[in-house]
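One-letter residues, chain by chain:
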Amino acid sequence: MEMAREKLLHLFEKMVQTRYFEETTERLNREKKISGSVHTSIGEEATAVGAAAALREGDYLSASYRDLGCLFERGFEPLEIAGMLYAKACGATNGRTRVLHVGSLEKHVLPANPILGASAAIAIGAALANKKDRNGLVTLNMFGDGASNEGAVHESMNFAAVFQLPIVFVIKNNRYAWSTPTEKIIPAPILADRAKAYGFPGYLANGNDVLDVCETVSRAVEDARAGKGPSLVECRTYRVSGHSGNDKNVYRTRNEIIRWKQDCPIRKLEGYITEAGFAGQDEIDEIRFRVQQTVNEAITQAACAPDPDVDTLLSEQQMIC
């Protein structure tokens, strides 16, 4: 996929920002500096950032509770997310939740739903409203391979097909539904083939290649915008981090994790940028330094920020979480 230099560097920065933020989150969790557990997406940055980057301004995003890269790509700032880790007033949900059950009507980001697969039913509602309004906007709904087995997802896909809604469903296939290998719960070797049952296209993308993800999802998004109805994109990737901060990864071999680390999506994009001459190593290093500085400042500020005022708990301005 041909892409402008500025766009490539933007994608690289958002992926690095996601990786560094989540690595920092995991460290803080191990050190007991933030309570509870964490749900990171280390290794899946290309899928989250690339899919969200395929949207235009005004389009709707419906992501899962671990799609931090989507949130950064759609305009959330590190301090908003860091504030959530500490349940502080500066967080995007004003202290209401620590995990990424967050949305923004201003950014057209629908709040993530803790019920597995339920986000699809909400996403088709937004898509139906967009079609009725004839505003040309598209909804992108992301969920995992485990969630793709939920009844709500299949019902939503069928509904979207019947009414030819402007929506793209993206399956983030990271090979495991919590600790269960995908092949043990889904007999189909290609999850995108499920689209055939609903009568709309299914596409397969390399979820560790942000350019392939962005190109594939962009094609599906523009077809939806042109009135061609829904489609399904399967992005094959791998989460090297556990299901949560408490996951000891005993169901995976060390060699499997090491092997997938060799296919790091960030190193892949960095190699392309430098070898193709879009930027030198000095500029790449400067981006990494800037990202680390921004994230570290956000974490420090959030840790020292005031707790939320209980009087704002039911404030209408804070209810979109």
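An account of the accompanying structure is given in this report.

1. A short note on the pattern of salt bridges
Right, on to step 1. Scanning the entire structure with this criterion turns up 17 salt bridges.
Right, on to step 2. Arg 27 serves as the salt-bridge partner of Glu 31, at 3.4 Å between the closest nitrogen and oxygen.
Right, on to step 3. The partly exposed category is assigned to Arg 27, whose relative accessible area is 34%.
Right, on to step 4. Ionic pairing is found between Asp 223 and Lys 228, a salt bridge with its closest N-O pair at 3.7 Å.
Right, on to step 5. When salt bridges with common partners are traced through the structure, they connect Glu 44, Asp 67, Lys 172 and Arg 239 into a single cluster.

2. Let's talk about the packing of helix H5 (residues 118-133) against helix H6 (residues 151-162)
Right, on to step 1. Running from N to C, H5 and H6 cross one another at 20 degrees; their axes reach a closest spacing of 8 Å. On the basis of their axis angle, the class for H5 and H6 is roughly parallel. Between H5 and H6 the crossing geometry is left-handed. Within the contact between the two elements, H5 uses Ala 120, Ala 121, Ile 124 and Leu 128 and H6 uses Ala 152, Val 153, Ser 156, Phe 159 and Ala 160.

3. Quick word on empty space enclosed by the protein
Right, on to step 1. All chains considered together, the criterion is met by 3 cavities of 30 Å³ or more.
Right, on to step 2. Taken together, 14 residues make up the lining of the largest cavity; nearest its centre are Thr 25, Val 38, His 39, Leu 85 and Leu 100.
Right, on to step 3. With 3 residues, the top contributor of residues to the lining of the largest cavity is helix H1 (residues 5-30).
Right, on to step 4. Taken together, the residues that form the lining of the largest cavity break down as 8 nonpolar, 4 polar and 2 charged.
Right, on to step 5. The calculated volume of the second largest cavity comes to roughly 50 Å³.
Right, on to step 6. As for the second largest cavity, its lining consists of Ala 63, Ser 64, Asp 67, Leu 71, Leu 100, Val 102, Val 109, Leu 110 and Ala 112.

Cut-offs and rules
- Residues numbered from 1 in each chain as written.
- Predicted model: local features only at pLDDT ≥ 70, side-chain atom pairs only at ≥ 80, totals over all residues.
- Heavy atoms only, no water.
- Salt bridge = Lys/Arg side-chain N within 4 Å of Asp/Glu carboxyl O.
- Buried < 20%, exposed > 50% of the residue type's maximum accessible area, 1.4 Å probe, protein only.
- Axes fitted to C-alpha atoms, helices over the stretch in contact; angles between N-to-C directions.
- Helix = DSSP H or I, 4+ residues; strand = E, 2+ residues; numbered from the N terminus.
- Parallel < 35°, antiparallel > 145°, perpendicular 65-115°, else oblique.
- Left-handed = near helix turned anticlockwise from the far one by under 90°.
- Contact = heavy atoms within 4.5 Å.
- 1 Å grid on protein atoms, 1.4 Å probe; cavity = no way out; pocket = protein on both sides within 12 Å on 5 of 7 lines; lining within 4 Å.
- Points joined across faces, edges and corners; volume = space filled by probe spheres on them.
- Nonpolar A, V, L, I, M, F, W, Y, C, P; charged D, E, K, R; others polar.

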